[in-house]
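# Architecture at a glance
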Amino acid sequence: MKYVAYHRTSTTDQHLDRGIAEIKAYCEENAIILYKDKIYTDQQTGKNFNRPRYQMLKEEILESGDVLIVTELDRLGRNKEATLKELHFFQDNNIRVMVLELPTTLIDASKMENSMARMMLETINNMMIELYASMAQAEIEKKEKRQKEGIEAKKARGEWGNYGRPKTMNIEEFAEQYKAVQQGKKKPFVLMRELDMAKSTFYRYKYQIEKGC
């Protein structure tokens with residue numbers, strides 16, 4: 001059995017370091033040694049699970065009997081249906097998921113001798129997980145609704161023609177991320193996936209940086 005830690009943030013999220021710190025603190029307090037002594041991260045949208053490091057964990061690292069640690073359920077995913085599907089996959093493959101924000105998931109039900117207590121704990125976990133998954137999806141739907149309303153308001157004021165489609169991130173943020181490619185530490189297509197950025201946008205930013213625009 002091995003403990004594997006994972007943390008996801010969006011491209012604009014500033015909570016990567018905080019999430020890593022939370023996992024490290026929990027592991028230290030409970031004498032847990034993480035697999036390869038590291039925390040796997042993706043800086044990508046939570047709408048789907050097409051993330052390089054997450055897929056690597058799922059396909060190449062996690063095995064039956066292992067434990068996956070995440071800080072919050074929405075750090076795993078924000079789409080309720082897709083998130084529950086992933087959790088069912090782990091359950092079917094005997095991979096336990098510990099969510100630090102849900103204390104009941106930190107209890108190993110398999111070690112409980114009382115079958116009734118074990119069944120009750122599993123029921124509570126399933127209910128809480130579905131509730132939190134619903135909340136995560138509601139939050140992203142609310143955000144998308146606000147963005148759509150903002151665009152419609154700009155169009156109504158006649159501002160959208162000059163404003164155009166918002167950039168996925170500003171050029172300064174991209175330049176900082178692109179250093180990994182320039183230094184040969186990361187392939188362009190990998191960074192593109194991590195940033196969840198359209199190919200046309202990625203290469204437009206790349207051109208601006210390399211030409212010093």
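A quick note: this is a predicted structure, and the numbers were derived from the prediction, not measured. (Residues numbered from 1 in each chain as written. Predicted model: local features only at pLDDT ≥ 70, side-chain atom pairs only at ≥ 80, totals over all residues. Heavy atoms only, no water.)

## Re helix α2 (residues 52-61)
When α2 is considered as a whole, its buried residues turn out to be Pro52, Tyr54, Leu57, Lys58 and Ile61. Residues of α2 that are buried make contact with β1 (3-9), β2 (34-43), α3 (73-76), α4 (80-92) and α8 (188-194). (Buried < 20%, exposed > 50% of the residue type's maximum accessible area, 1.4 Å probe, protein only. Helix = DSSP H or I, 4+ residues; strand = E, 2+ residues; numbered from the N terminus. Contact = heavy atoms within 4.5 Å.)

## Focus on unusual backbone geometry
For Lys36, which is not glycine, the phi dihedral falls at a positive 60 degrees. Counting through the fold element by element, Lys36 comes out in strand β2. By relative accessible area, which is 61% here, Lys36 ends up exposed. Even without glycine at this site, Asp37 takes up a positive phi of about 55 degrees. Here Asp37 is to be found in strand β2.

## With respect to helix α1 (residues 16-29)
Between its terminal C-alpha atoms α1 stretches 20 Å, which fits the 20 Å expected from 14 residues at 1.5 Å a residue. Summarising the contacts, the buried residues of α1 are in contact with β1, β2, β3 (67-70) and β4 (96-99). Trailing α1 by a residue or two, Ala31 shows a phi angle of about 55 degrees, which is positive. (Expected span 1.5 Å × (residues − 1).)

## Observations regarding the packing of aromatic side chains
The final tally for this structure, using the stated rule, is eight aromatic pairs. Each ring, one from Tyr6 and one from Tyr54, has its centre 5.5 Å from the other, and the planes form 65 degrees; the classification is edge-to-face. In this pair, Tyr6 sits in strand β1 while Tyr54 sits in helix α2, placing the two residues 48 residues apart along the sequence. No difference in accessibility class separates Tyr6 from Tyr54, as the two residues are buried. Centroid distance Phe174 to Tyr178: 5.5 Å. Interplanar angle 20 degrees. Geometry classified as stacked. Highlighted residues: Phe174 and Tyr178, both in helix α7 (residues 171-182), separated by four residues, approximately one helical turn. Residue Tyr178 is classed as buried on the basis of its relative accessible area, which comes to 2%. Members of the aromatic cluster, joined through ring pairs, are Phe174, Tyr178, Phe202, Tyr203 and Tyr205. Across from the ring centre of Phe49, 4.6 Å away, lies the NZ or CZ of Arg51, which sits over that ring. (Phe/Tyr/Trp six-rings, centres within 6.5 Å; stacked < 30°, edge-to-face > 60°. Lys NZ or Arg CZ within 6 Å of the ring centre and 35° of its normal.)

Spatial relationships are all this shows, so hold off on functional conclusions.
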